[in-house]
Amino acid sequence: MVSSTAAVSKRLKNYIDLTEQELDTLSRMIGPSRMISAGGEIVHEGQSGHRAFILQDGWVMSYKLLPEGARQIIDFQVPGDFLGLRSLLLRTSDHSFEAVTDVLVGEVKAQDMLSAFSSAPRLAMSILWSVSCDEAMVVEHLVNIGRRSAIERTAHFLLELGARLRSIGVGDAHGYPCPLSQYQLADTLGLSAIHINRVLRQLREQNLVTFQKGVVQFNDLKKLTELAEFEMGYLDQVGPVLVS
């Protein structure tokens, strides 16, 4: 049985060393958990309701659909990530969330979050910190699509995913499990499926990284990092700045 707060606690503790009382407040903030099957919609663009979710298990993608049907994947969410946090403040959701794998999510209502923030300001600060890091990742993704070459942006994205997963105890410096398809990678990186297949082959032939059968394996992490010019500073995962 997956703990309702295990992954999000690990993530938030990267920023602030939360006390047991603050973790208890976090647990009370999260409503009942529910399972959603792979491919299931969690939130659709334009949906109202002023609620968000915490991803407790599985992978989710956030995306926007253009009128002609083209899809731009904004990011992938992993356990410990918030889904649709802006929906608590905006009238409607500005993008959609879909389960990539079977997932477990816990609902967060606006009033419950406000009550938690009122009683535990350090918890509120840690969530703000987490959301700020999410925004920093969106900036990097914009740079990826706008300025980095296809092979650089692919390498950068795979390294970023690995760093995010290690922060919640998944994978290591050698690699990590990854359920994403080449079509999903293509829609994330602004490439065609044929192009992403060619780029992954180049990375494999250069013995830098291999992505096969649901596993990303780093063959030469140092050279891959140099190729992508990957700097982890924007992820802010060197350890808690504030301690109990």
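So, here is what we can say about the structure in this document. Keep in mind that what you see is a predicted model, and the values were worked out from it rather than measured. (Residues numbered from 1 in each chain as written. Predicted model: local features only at pLDDT ≥ 70, side-chain atom pairs only at ≥ 80, totals over all residues. Heavy atoms only, no water.)

1. As for the overall build of the protein
So, point 1. Summing up its helical and strand segments, the protein has 8 helices and 11 strands in all.
So, point 2. At 18 Å, the protein has a C-alpha radius of gyration in line with the 18 Å of a compact globule built from 244 residues.
So, point 3. Taking all 244 residues of the protein together, the buried fraction comes to 48%.
So, point 4. In the protein, the proportion of contacts linking residues at least 24 apart, taken out of those at least 6 apart, comes to 74%.
So, point 5. Of the roughly 11,900 Å² of accessible surface on the protein, 54% is carried by carbon and sulfur atoms.
So, point 6. Each charge class in the protein was averaged separately, 23 positive and 28 negative side chains, and the resulting centres sit 3 Å apart. (Helix = DSSP H or I, 4+ residues; strand = E, 2+ residues; numbered from the N terminus. Rg over C-alpha atoms; globule rule 2.2 N^0.38 Å. Buried < 20%, exposed > 50% of the residue type's maximum accessible area, 1.4 Å probe, protein only. Contact = heavy atoms within 4.5 Å. Areas by Shrake-Rupley, 256 points an atom, 1.4 Å probe, with all protein chains shown as cover. Lys, Arg positive; Asp, Glu negative; His and termini not counted. Charge placed at Lys NZ, Arg CZ, Asp CG, Glu CD.)

2. Looking at the packing of helix 5 (residues 150-166) against helix 8 (residues 221-228)
So, point 1. As a packed pair, helix 5 and helix 8 sit with axes 8 Å apart at the nearest point and diverge in direction by 125°. Taken together, the axes of helix 5 and helix 8 lie oblique to each other. At the point where helix 5 passes helix 8, the crossing takes the left-handed sense. Along its contact with helix 5, which presents Ile151, Glu152, Ala155, His156 and Leu159, the element helix 8 presents Leu221, Leu224, Thr225, Leu227 and Ala228.
So, point 2. Here the contact of helix 5 with helix 8 is composed, by residue class, of 7 nonpolar, 2 polar and 1 charged. (Axes fitted to C-alpha atoms, helices over the stretch in contact; angles between N-to-C directions. Parallel < 35°, antiparallel > 145°, perpendicular 65-115°, else oblique. Left-handed = near helix turned anticlockwise from the far one by under 90°. Nonpolar A, V, L, I, M, F, W, Y, C, P; charged D, E, K, R; others polar.)

3. Side note on the pattern of salt bridges
So, point 1. If you walk through the whole model with that rule in mind, you get 11 salt bridges.
So, point 2. Here Asp75 makes a salt bridge to Arg164, at a shortest N to O gap of 3.3 Å. Linking Asp75 in strand 5 (residues 71-77) with Arg164 in helix 5, this pair joins segments that are 89 residues apart in sequence.
So, point 3. For Asp75, a relative accessible area of 6% corresponds to the buried category.
So, point 4. Among the salt bridges present, the one from Glu140 reaches Arg148, with a minimum N-O distance of 3.0 Å.
So, point 5. Where salt bridges share partners, they join Arg11, Asp75, Asp81, Asp134 and Arg164 into one cluster. (Salt bridge = Lys/Arg side-chain N within 4 Å of Asp/Glu carboxyl O.)

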